[in-house]
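The primary structure of each chain is shown beneath.
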Amino acid sequence: NAGVTQTPKFRILKIGQSMTLQCAQDMNHNYMYWYRQDPGMGLKLIYYSVGAGITDKGEVPNGYNVSRSTTEDFPLRLELAAPSQTSVYFCASELAGANEQFFGPGTRLTVL
Amino acid sequence: DQQVKQNSPSLSVQEGRISILNCDYTNSMFDYFLWYKKYPAEGPTFLISISSIKDKNEDGRFTVFLNKSAKHLSLHIVPSQPGDSAVYFCAATPGGSEKLVFGKGTKLTVNP
């Protein structure tokens, strides 16, 4: 099993550009999550999904969108990149009810 | 409003000694607690957890203690090893929730 994979690892965007951060898991987990981690801060939940076709906002959803068309994939979309979105983004997945989340390696995004 | 607090941003200990990482929480609905370990440029990995029906859980060198009346938990690492040097995140979740709330993390350095 590859676990949770994220692409790209690094990306630099200009203000106003858009991009999609990809996340995939091969563990047949129902739940998937997107977090951001700013320097010296904990992980803040952006969006999450409890199954295909179901998504919900987390603590910091503004400026982002998600979709969950399959169990395996949970892409995160930035429509109009802003410097405040410079962060490290982590995707995670969890088997429903297990409470233990498995994380991907992260995407480091810089918006200039 | 931080519901999970890790008040020590960093901790330095000698190899072979005990490391104690602390975490406080404010939400009395939290009933399951987890510790994650994070190395640089990697995603967090699950370390150990504890349910509110217990006050202690052990896994090898790692022990988590929960004091519900004080809303406090701690992670003990004995003996500490240089490979334990990482950032440790405390996380909590209320019963029935799909979401975890993370603290800001404590950077542990174990000196040889």
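Everything numeric in this text was worked out from a predicted model, so none of it was measured.

Participant: I tried to follow the overall build of chain A on my own but got confused; where do I start?
Facilitator: The helix and strand inventory of chain A stands at zero helices and 11 strands. The N-to-C order of helical and strand elements in chain A reads β-β-β-β-β-β-β-β-β-β-β. Here the C-alpha radius of gyration of chain A, 13 Å, is about what a compact globule of 112 residues would show, namely 13 Å. Over its C-alpha atoms, taken along the principal directions, chain A stretches across nearly 40 × 25 × 25 Å. Relative to its full complement of 112 residues, chain A shows a buried share of 45%. When the accessible area of chain A is evaluated, it comes to approximately 5300 Å², of which 52% is carbon and sulfur surface. Charge centroids of chain A, computed over 9 positive and 9 negative side chains, lie 12 Å from each other.

Participant: Can you help me understand the overall build of chain B in this one?
Facilitator: Secondary structure summary: chain B contains zero helices and 11 strands in total. N-terminal to C-terminal, the α/β element order of chain B is β-β-β-β-β-β-β-β-β-β-β. Every one of the 112 residues in chain B was classed for burial, and the buried ones make up 42%. Long-range pairs, those at least 24 residues apart, make up 54% of the contacts in chain B between residues at least 6 apart in sequence. Element-wise, carbon and sulfur atoms account for 48% of the exposed surface of chain B, whose accessible area totals about 5400 Å². For chain B, the separation between the mean place of its 12 positive charges and that of its 10 negative charges on side chains is 4 Å.

Participant: Just to check I follow, could you spell out the sheet that holds strand β8 (residues 72-77) of chain B for this structure?
Facilitator: In sheet architecture, strand pairing relies on hydrogen bonds along the backbone and comes in two forms, parallel and antiparallel. Residue and element names in this part refer to chain B. With antiparallel pairing, the five strands of this open sheet are ordered in space as β1-β3-β8-β7-β6. Because the sheet does not close on itself, it has two edges, and the strands there are β1 (4-5) and β6 (56-59). Here two bridges tie β1 to strand β3 (residues 19-25), and the two strands are oriented antiparallel to one another. Each residue of the ladder has a partner; that of Val-4, found in β3, is Tyr-25.

Participant: Is there a simple way to think about the packing of aromatic side chains in this case?
Facilitator: Geometry of an aromatic ring pair is reported as the spacing of the ring centres plus the angle between the planes. The final tally for this structure, using the stated rule, is 12 aromatic pairs over all chains. Taking the centre distance of 6.2 Å and the plane angle of 20° together, the rings of Tyr33(A) and Tyr48(A) count as stacked. With Tyr33(A) in strand β4 (residues 31-37) and Tyr48(A) in strand β5 (residues 43-51), this pair connects stretches of sequence that are 15 residues apart. Among the residues examined, Tyr33(A) registers a relative accessible area of 0% and is labelled buried. Assessed through its relative accessible area of 8%, Tyr48(A) is described here as buried. Ring plane angle 40° and centroid distance 5.6 Å describe the contact between Tyr35(A) and Phe103(A), whose orientation is recorded as tilted. You can see Tyr35(A) sitting in strand β4 and its partner Phe103(A) sitting in strand β10 (residues 102-103), a full 68 residues away along the chain. Classification of Tyr35(A) as buried rests on a relative accessible area of 0%. Feature note: the residues Tyr33(A), Tyr35(A), Tyr48(A), Phe103(A), Tyr36(B), Phe46(B), Phe89(B) and Phe102(B) constitute an aromatic cluster, connected by ring pairs. Across the ring face of Phe74(A), the terminal group of Arg68(A) is positioned such that the distance to the ring centre comes to 6.0 Å.

Participant: Any chance you could explain the interface of chain B and chain A here in plain terms?
Facilitator: A common way to report how large an interface is uses the accessible area buried once the components associate. Contacts between chain B and chain A engage 17 residues on the former and 19 residues on the latter. Summed over both partners, the interface of chain B with chain A comes to about 1500 Å²; 62% of that surface belongs to carbon and sulfur atoms. Counting the surface chain B buries against chain A, the share from its top three residues, Glu98(B), Phe102(B) and Lys104(B), is 35%. Taken together, the links from chain B to chain A amount to zero salt bridges.

Participant: Is there a simple way to explain the side chain of Gln37(A) in this structure?
Facilitator: Mapped onto the secondary structure, Gln37(A) falls in strand β4. A polar contact is formed between the side chain of Gln37(A) and the backbone oxygen of Met41(A), at a distance of 3.3 Å. With residues up to four places along the chain from it excluded, the contact list for Gln37(A) reads Gly42(A), Leu43(A), Ser87(A), Val88(A), Phe90(A), Lys38(B) and Phe89(B).

Rules of the game
Residues numbered from 1 in each chain as written. Chains lettered and ligands numbered in written order. Predicted model: local features only at pLDDT ≥ 70, side-chain atom pairs only at ≥ 80, totals over all residues. Heavy atoms only, no water. Helix = DSSP H or I, 4+ residues; strand = E, 2+ residues; numbered from the N terminus. Rg over C-alpha atoms; globule rule 2.2 N^0.38 Å. Buried < 20%, exposed > 50% of the residue type's maximum accessible area, 1.4 Å probe, protein only. Areas by Shrake-Rupley, 256 points an atom, 1.4 Å probe, with all protein chains shown as cover. Lys, Arg positive; Asp, Glu negative; His and termini not counted. Charge placed at Lys NZ, Arg CZ, Asp CG, Glu CD. Contact = heavy atoms within 4.5 Å. Pairing = 2+ DSSP bridges. Phe/Tyr/Trp six-rings, centres within 6.5 Å; stacked < 30°, edge-to-face > 60°. Lys NZ or Arg CZ within 6 Å of the ring centre and 35° of its normal. Buried area = accessible area lost by both parts, 1.4 Å probe. Salt bridge = Lys/Arg side-chain N within 4 Å of Asp/Glu carboxyl O. Polar contact = N/O pair within 3.5 Å; in protein donor to acceptor, adjacent residues only side chain to side chain.

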